[in-house]
Every structure is written in C-alpha cells, then in structure tokens.
Amino acid sequence: MKIYKFYADWCMPCKQLSKKIDNSDLKDIIISINCDEDEELCSKYNIKNIPTILVTTDNGMELGRVSGNVTIKNIAELISECTEAENSI
C-alpha cells in the first residue's frame with residue numbers, strides 16, 4: 001500500500017497539514033507529491049483539491065482519499081479502512 005499527500009507550496013491548508021504529519025508517526029510512511037511539480041501524477045489520480053491524502057495499492061489502484069486540512073485521526077482511519085479494503089481484494 002502507498003500513501004500520498006498531494007500539496008502545493010503556496011497552499012496554507014497544505015502547510016498546516018504538513019506540520020501535523022511531520023509531528024506524527026505518519027511522517028515516515030507518507031509520500032509527498034508537489035502538484036506544481038508532478039502534474040502527471042496529479043492528473044492520473046484526478047486531484048482537484050489540495051491537500052489530498054490518497055491511498056493506493058502497490059500497483060496504483062486507488063483505495064481511498066480524503067481532502068482538506070484533516071486531522072491525523074482522519075488519516076489513520078482512512079489508512080485502516082483502506083487496509084481492510086486491500087485485504088478483501
């Protein structure tokens with residue numbers, strides 16, 4: 001499973017979410033993708049709002065997402081739901 005954080009440097013909610021992630025145990029497992037630098041990946045996953053946390057299988061199939069300046073608890077719940085979904089595939 002892969003966990004992405006889509007963001008932009010100019011986005012204030014992105015900066016706020018990044019601070020929360022950096023101060024959590026999730027900082028080592030989330031892959032940060034700057035939407036201004038990786039438009040191809042943003043397009044592939046149809047990222048329309050930032051920040052967005054996106055969870056995929058290792059081969060790239062989307063399992064779930066959440067957008068906005070969410071809490072660490074929201075992200076942990078998303079990861080848990082996606083883990084269950086991935087195990088049922």
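Refer to the structure presented above.
Because the structure is a prediction, the values reported are computed rather than measured.

The rules behind these values
Residues numbered from 1 in each chain as written. Predicted model: local features only at pLDDT ≥ 70, side-chain atom pairs only at ≥ 80, totals over all residues. Heavy atoms only, no water. Helix = DSSP H or I, 4+ residues; strand = E, 2+ residues; numbered from the N terminus. Contact = heavy atoms within 4.5 Å. Buried < 20%, exposed > 50% of the residue type's maximum accessible area, 1.4 Å probe, protein only. Arc of directions from axis to C-beta. Salt bridge = Lys/Arg side-chain N within 4 Å of Asp/Glu carboxyl O. Disulfide = S-S within 2.5 Å. Patch = residues over 30% accessible without salt bridge, like charges linked within 9 Å, V, L, I, M, F, W, Y side chains within 5 Å. Areas by Shrake-Rupley, 256 points an atom, 1.4 Å probe, with all protein chains shown as cover. Lys, Arg positive; Asp, Glu negative; His and termini not counted. Charge placed at Lys NZ, Arg CZ, Asp CG, Glu CD. Pairing = 2+ DSSP bridges. Axes fitted to C-alpha atoms, helices over the stretch in contact; angles between N-to-C directions. Core = buried A, V, L, I, M, F, W, Y, C linked by side-chain atoms within 4.5 Å.

Asks: How would you summarise the side chain of Thr56 if you had to cite specific residues and measurements?
Replies: Mapped onto the secondary structure, Thr56 falls in strand S3 (residues 52-56). Every residue in contact with Thr56, bar those within four places of it in the chain, is listed here: Met1, Lys2, Tyr4, Tyr45, Met61, Glu62 and Leu63.

Asks: Give a description of helix H1 (residues 12-22) that names residues and reports values.
Replies: Looking only at H1, the buried set comprises Cys14, Leu17, Ser18 and Ile21. Summarising the axial view, the buried residues of H1 lie within an arc of 105°, below the 170-degree limit, and thus occupy one face. Of the surrounding secondary structure, the elements contacted by the buried residues of H1 are strand S1 (2-7), strand S2 (30-34), S3 and helix H3 (72-87).

Asks: I'd like to hear about the pattern of salt bridges, residue by residue, with values.
Replies: Applying the stated criterion across every chain, the model contains one salt bridge. In this structure, Glu62 engages Arg65 in a salt bridge whose closest nitrogen and oxygen atoms are separated by 2.9 Å. Overall, Glu62 belongs to the partly exposed group, its relative accessible area being 33%.

Asks: Give a description of the state of the cysteines that names residues and reports values.
Replies: If you walk through the whole model with that rule in mind, you get one disulfide. The residue that forms a disulfide with Cys11 is Cys14, at a sulfur-sulfur distance of 2.5 Å. Its torsion about the S-S bond being 75°, the disulfide of Cys11 and Cys14 is classed as right-handed. The exposure class of Cys11 is buried, given its relative accessible area of 5%. With relative accessibility at 1%, the residue Cys14 sits in the buried group.

Asks: Any chance you could break down a negative patch on the surface for me, citing the residues and the numbers?
Replies: On the surface, Asp9, Asp36, Glu37 and Glu39 cluster together into a negatively charged patch. Owing to a relative accessible area of 67%, Glu37 belongs among the exposed residues under this scheme.

Asks: Lay out the sheet that holds S1 with the relevant residues and their values.
Replies: Taken together, the four strands give an open sheet; going across it, the order is S2-S1-S3-S4, and neighbouring strands pair in mixed fashion. Strand pairing shows two members of the sheet lacking a second neighbour, S2 and strand S4 (62-67), which therefore form its edges. Across the sheet, the mean angle from the axis of one strand to that of its neighbour is 20°, orientation sign disregarded. Sheet topology places S3 next to S4; five bridges connect them, and they run antiparallel. If you follow Val55 over to S4, its bridge partner there is Gly64.

Asks: Tell me what's going on with the nonpolar core, and back it up with residues and numbers.
Replies: Buried together is how nonpolar side chains tend to be arranged in soluble globular proteins. Within the largest apolar cluster, 13 residues are counted, with the highest numbers of intra-cluster contacts made by Ile3, Leu17, Ile21, Ile53, Val55 and Ile75. Elements represented by at least two residues in this core include exactly H1, S3 and H3. With four residues, the top contributor of residues to this core is H3. Excluding anything up to four places from it in sequence, Ile3 contacts Ile29, Ile30, Ile31, Ile53, Leu54, Val55 and Ile79. Residues Tyr4, Phe6, Leu41 and Cys42 belong to the second largest nonpolar core, which totals nine residues.

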